[in-house]
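# An overview of the molecular structure
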Amino acid sequence: MKNYFSKSTMTVSLLAILALAVAAPASAHNVNKSVKIGAGNTSDGESSVNGSISVGSGAIVTGDLSTVNGRVRVDSDATVEDVSTVNGGVRIDSGTKTESLSTVNGAIKVADNVNVDGEIEAVNGEIELGAGSEVRRDVSNINGKIDLRASKVGGDVSTISGDIKLSESAEVMGDIVIEKPNGWGWNEKKSRTPEIVIGPGSKVHGEIRVERVVTLYISDTAEVGGVTGEMSMSDAVRFSGKKP
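Residues numbered from 1 in each chain as written. Predicted model: local features only at pLDDT ≥ 70, side-chain atom pairs only at ≥ 80, totals over all residues. Heavy atoms only, no water.

## Points about the sheet that holds strand β16 (residues 127–129)
Strands sit in the order β2-β5-β8-β10-β13-β16-β19-β22-β25-β28-β31 across an open sheet of 11 strands; the sheet is parallel. Bordering the open sheet on either side are β2 (35–37) and β31 (237–239), each of which pairs with just one other strand. Between one strand axis and the next, the sheet turns by 5 degrees as a mean value, whatever way the strands run. (Pairing = 2+ DSSP bridges. Helix = DSSP H or I, 4+ residues; strand = E, 2+ residues; numbered from the N terminus. Axes fitted to C-alpha atoms, helices over the stretch in contact; angles between N-to-C directions.)

## Observations concerning the confidence of the model for the protein
The share of residues in the protein with pLDDT of 70 or more is 85%, and the mean pLDDT across the chain is 88. For residues 1–8, every residue scores under 50 in pLDDT, and the model assigns this stretch 25 contacts once sequence neighbours within four places are set aside. Contacts for the low-pLDDT stretch residues 21–28, under 50 throughout, to residues beyond four places or in other chains number 10 contacts. (pLDDT = per-residue confidence, 0-100. Contact = heavy atoms within 4.5 Å.)

## Side note on the pattern of salt bridges
Scanning all chains against the criterion turns up 9 salt bridges. Across the pair Asp93 and Arg73 runs a salt bridge whose closest N-O atoms are separated by 2.8 Å. With Asp93 in the loop between β10 (90–92) and β11 (97–98) and Arg73 in strand β8 (residues 72–74), this residue pair connects regions lying 20 residues apart in the sequence. In this structure Arg73 comes out as partly exposed when scored by relative accessible area, which is 27%. A salt bridge links Arg149 to Glu168; the nearest nitrogen and oxygen atoms lie 3.9 Å apart. Pair noted here: Arg149 is in strand β19 (residues 146–149) and Glu168 is in the loop between β22 (164–167) and β23 (171–172), with a separation of 19 residues, a long-range link. The class of Arg149 is partly exposed, set by a relative accessible area of 30%. Overall, the relative accessible area of 48% leaves Glu168 in the partly exposed class. Here the salt bridges do not stand alone but share partners, grouping Arg73, Asp75, Arg91 and Asp93 into one network. (Salt bridge = Lys/Arg side-chain N within 4 Å of Asp/Glu carboxyl O. Buried < 20%, exposed > 50% of the residue type's maximum accessible area, 1.4 Å probe, protein only.)

## What to know about unusual backbone geometry
Note on backbone geometry: most residues besides glycine have negative phi, and most peptide bonds are trans. The residue Ala150 is not glycine, and still its phi comes out positive at about 50 degrees. Relative to the helices and strands, Ala150 is located in the loop between β19 and β20 (152–153). A positive phi angle, close to 65 degrees, is found at Ser169, a residue other than glycine. If you trace the backbone, Ser169 turns up in the loop between β22 and β23. Note on Ser169: relative accessible area 45%, which makes it partly exposed.

In structure tokens, the structure reads:
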């Protein structure tokens, strides 16, 4: 799987969010107000500029949820489409079904048994997946920890400066990719070293591809398709027990 996350990709996503916020119809467009969809209700999508969006338990949203300066919260057992924000976090409670999740500056926290049919993207923010949750495509960020707990990712997991942790038999069907920054101001000697932990029982069906040196821990009971790039499997620190 060769889908790399980049700043240019997120820039396009950001412009799409802004365009949606401006172009949304007046009935769904709240410039400075927060939006709430009640438990069990239905909606064809909501947007805001300077407000948060909340979706109640069991609600069904057939359109997108987007805001620029605000968080998005979706309660348990809801069904929603794409969820996006620029400056704010995204929180998805257990049992929810969604298409994709994205933010520029904020964390994305996904509870247990959530189904994401697309991908999860962040720029500066942590990404967490709870037990039993599944993302059909890729999970990616630039800065911030990616924490997969007893969950499954159908595509790649990629970062530039963040840490990646797989625990409780988490599974990645594609590759784990640690990209090398290409910005003119990047200084390899001063940059922090990402930490990658492949915990007990976890599986990476593809490779761990490192374009820069990382600190790599692999459990004795984990399965990895190989380590390539700036490091090899011999550079990994093997460990027994729950954590290094």
